Amino acid sequence: MAEKQYKILLSEDEIPRHWYNIQADMPNKPLPPLHPGTKQPVGPADLAPLFPMELIKQEVSQERYIEIPEEVREIYKLWRPTPMFRAHRLEKMLDTPAKIYYKYEGVSPSGSHKTNTAVAQAYYNKMEGVKRITTETGAGQWGTALAIACQMFDIECEVFQVRISYNQKPYRKALIESFGAKIYPSPSELTESGRKILAQYPDTPGSLGIAISEAIECAVQDENCKYALGSVLNHVLMHQTIIGQECLVQMEKAGDFPDIVIAPLGGGSNFAGISFPFLHQNLTQGKKVRAIAVEPASCPKLTKGEFRYDFGDSAGFTPLLPMYTLGHNFRPAAIHAGGLRYHGASVLCSQLLKDGLIEANAIQQLECFEAGIAFAKAEGIIPAPEATHGIAQVFREAQRCKEEGKSETILLNLCGHGFLDMQAYMDYFDGKLSDHFLTDEELKSGLKELADYPSI
Ligand SMILES: *Cc1c(COP(=O)(O)O)cnc(C)c1O
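Residues numbered from 1 in each chain as written. Predicted model: local features only at pLDDT ≥ 70, side-chain atom pairs only at ≥ 80, totals over all residues. Heavy atoms only, no water.

*Asks:* Just to check I follow, could you spell out the UniProt feature "modified residue: N6-(pyridoxal phosphate)lysine" (unreviewed entry) in the protein chain for this structure?
*Replies:* As recorded in UniProt, the sites labelled "modified residue: N6-(pyridoxal phosphate)lysine" (unreviewed entry) are Lys114. Relative to the helices and strands, lysine 114 is located in the loop between β5 (99-104) and α5 (115-127). Residues contacting lysine 114, with those up to four places away along its chain left out, are Gln141, Trp142, Ala145, Gly230 and Gln240. (UniProt positions renumbered as here; feature names shortened; annotations may be inferred. Helix = DSSP H or I, 4+ residues; strand = E, 2+ residues; numbered from the N terminus. Contact = heavy atoms within 4.5 Å.)

*Asks:* Before we go on, may I ask you to explain the UniProt feature "domain: Tryptophan synthase beta chain-like PALP" (unreviewed entry) in the protein chain in this structure?
*Replies:* The positions that UniProt labels "domain: Tryptophan synthase beta chain-like PALP" (unreviewed entry) are, in the present scheme, residues 78-416. Secondary structure within residues 78-416 divides into 45% helix and 19% strand; the distance between the first and last C-alpha atoms comes to 16 Å.

*Asks:* Sorry if this is basic, but what is going on with the packing of helix α16 (residues 365-379) against helix α17 (residues 385-404) here?
*Replies:* To describe two helices that pack against each other, one gives the angle between their axes and the distance between the axes. Here α16 crosses α17 at 85°, and the two axes come no closer than 7 Å. By the angle between their axes, α16 is roughly perpendicular relative to α17. In this structure, α16 uses Glu367, Cys368, Phe369, Ala371, Gly372, Ala374 and Phe375 to contact α17, whose residues at the interface are Pro385, Thr388, His389, Ile391, Ala392, Phe395 and Arg396. Of the residues assigned to the contact of α16 with α17, the class counts are 9 nonpolar, 3 polar and 2 charged. (Axes fitted to C-alpha atoms, helices over the stretch in contact; angles between N-to-C directions. Parallel < 35°, antiparallel > 145°, perpendicular 65-115°, else oblique. Nonpolar A, V, L, I, M, F, W, Y, C, P; charged D, E, K, R; others polar.)

*Asks:* Looking at this model, I keep getting lost on the packing of aromatic side chains. Mind explaining?
*Replies:* By convention here, two paired aromatic rings are described through the distance between centres and the angle between planes. Going through the model one piece at a time under the given rule, you end up with 14 aromatic pairs. An angle of 50° between the planes, with centres 5.3 Å apart, marks the rings of phenylalanine 160 and tyrosine 184 as tilted. Residue phenylalanine 160 is located in strand β7 (residues 156-162), and its partner tyrosine 184 is located in strand β8 (residues 182-186); the two are separated by 24 residues in the primary sequence. In terms of burial, phenylalanine 160 and tyrosine 184 fall into one category: buried. Look at phenylalanine 369 and tyrosine 428: their rings are 5.6 Å apart centre to centre, the planes differ by 15°, and that puts the pair in the stacked class. Taken together, the residues phenylalanine 369 in helix α16 and tyrosine 428 in helix α18 (residues 422-429) connect sequence positions 59 residues apart. (Phe/Tyr/Trp six-rings, centres within 6.5 Å; stacked < 30°, edge-to-face > 60°. Buried < 20%, exposed > 50% of the residue type's maximum accessible area, 1.4 Å probe, protein only.)

*Asks:* Would you explain the site of the ligand in this entry?
*Replies:* Lining the immediate environment of the ligand, one finds 16 residues, of which Lys114, Ser231, Gly266, Ser269 and Asn270 sit closest. Here histidine 113 contributes a side-chain N or O atom positioned 3.1 Å from an oxygen atom of the ligand. One of the side-chain N or O atoms of serine 269 is found 2.7 Å from an oxygen atom in the ligand. In the complex, the protein chains occlude 97% of the 380 Å² of accessible area that the ligand would expose alone. Here the residues of the shell around the ligand sort into 3 nonpolar, 11 polar and 2 charged. (Near = heavy atom within 4 Å. Polar contact = N/O pair within 3.5 Å; in protein donor to acceptor, adjacent residues only side chain to side chain. Areas by Shrake-Rupley, 256 points an atom, 1.4 Å probe, with all protein chains shown as cover.)

*Asks:* What's the story with unusual backbone geometry in this structure? I'm lost.
*Replies:* Excluding glycine, residues mostly have negative phi values, and the peptide bonds linking residues are mostly trans. For the bond from arginine 80 to proline 81, the omega torsion is -5°, close enough to zero to count as cis. Positionally, proline 81 belongs in the loop between α3 (70-76) and β4 (84-86). Of the consecutive residues serine 186 and proline 187, the connecting peptide bond is found in the cis state with omega at 5°. If you trace the backbone, proline 187 turns up in the loop between β8 and α9 (192-200). A positive phi angle, close to 60°, is found at lysine 39, a residue other than glycine.

*Asks:* Could you clarify how one ought to interpret the side chain of asparagine 282 in this entry?
*Replies:* Note on placement: asparagine 282 falls in helix α13 (residues 269-285). At a separation of 2.9 Å, a polar atom in the side chain of asparagine 282 contacts the main-chain carbonyl oxygen of valine 289. For asparagine 282, the contacting residues outside a window of four places in its chain are Lys287, Lys288 and Val289.

*Asks:* Could you clarify how one ought to interpret the nonpolar core in this entry?
*Replies:* A general trend in soluble globular proteins is that nonpolar side chains are found buried together. Trp19, Tyr76, Phe276 and Leu411 are the most contacted members of the largest nonpolar core, which has 66 residues in total. In this structure, tyrosine 76 is in contact with Ile15, Trp19, Ile68, Asn116, Ala120, His239 and Ile242, ignoring residues within four places of it in sequence. Membership of the second largest hydrophobic core comes to 31 residues, among which are Ala378, Ile381, Ala398 and Leu412. (Core = buried A, V, L, I, M, F, W, Y, C linked by side-chain atoms within 4.5 Å.)

*Asks:* What is the right way to read the sheet that holds strand β9 (residues 225-227) from this model?
*Replies:* Strands pair in a sheet through their backbones, by hydrogen bonds, and they do so in one of two ways: parallel or antiparallel. Strands sit in the order β8-β7-β6-β9 across an open sheet of 4 strands; the sheet is parallel. Across the chains shown, the open sheet's two edge strands, defined by having one partner strand only, are β8 and β9. Across the sheet, the axes of successive neighbouring strands diverge by a mean angle of 20°, strand direction being ignored. Contacts from helix α6 (residues 141-152) reach β6 (132-137) and β7 within the one sheet, and its direction differs from that of β6 by about 160°. (Pairing = 2+ DSSP bridges.)

Below you can see the structure in the form of structure tokens.
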């Protein structure tokens, strides 16, 4: 019998040379972002105060492949290609005929996939002379990733971290400061939008939507400063496709091909990163890979939200985006998967879901932690609380395969490790975590305020 292979590895020269842009292959192109005042499509000039022109071009590009700059690819070599594992031990534990693989993005310097786009965004900002970048962060992975990337390109970096995560995960602050960035809990007294929320809700846990407003407000006040977003936007999702492109080659080396690709979804970037290169095969080569995005049941925009125009942030500074949303003022419960506490889903993922080209599922927090701990016992990696949502879905599919006697191939994006999230595990072990059942009223609360904005 051939020896079992656990890690499927690539060499540095197998790092992809292009990002994959799914816009080229989508049957229905995404609807344009609208200016909230005029309700007309925004042009490049509207976005120029926030982003470097090269990223704005990528945002609307219809080119199938965009070359990765050599300088970015060199930095990718610090942690890429990332390993893909065959989870033999997990398969045995679950007693399933399914074959389970996972792509591990936790080996990056920030501990998650976020570094893939952070380095690219910092590079394009540097090329256009930007001196300072502001951003938001939830659990802290994005803030860490951008701090590292800015450090590499000698750009100042300021991070607004959602307050509940700032308090839950104190080591993120130390990490972000180690890389030379400044970090503030959000909402803060530093911005108009922060002060407004604090006056209204002094005890607010904060949200990604609020933190985005604060970061944008700072960026537009300084002409040498731009803003960077860690998810949601088309160019961010595209930068992450390096993950799935590596998986395509790794699957070939393993002599396998996935029936199902699974990833957690906060804004959509790690899900897009692993699934879009496989959807390319569906859209152009007749493959039938199921791509499943998994969200928390307490923040269920894909499964319970509306497909409509909404703001990307709480204060309403961003253009109106056509997306599945719970409303920009939806206040997500204080769950530990901070990266999934976002009211909307990216425009690309939303359009694909609307067109039936991807699937979505919502899972409660306790099932996710239980699955995450079982995964850690089998595979030796503590997953980020966000990643446990994908793991819980893998368990469900593995169980279904067992019941149906099918040996399907499942590929998971293990998008980050949980070493800086151990408080979440402590709370779980202490029985302090609970599931969260939204009432119809809570679900609709954020959407009511959207009546004045164009529906689709
Ligand atoms: C940021 C983050 C997420 C959620 O964001 P996406 O853009 O949906 O990927 C999920 N998992 C981890 C580990 C993250 O850092």
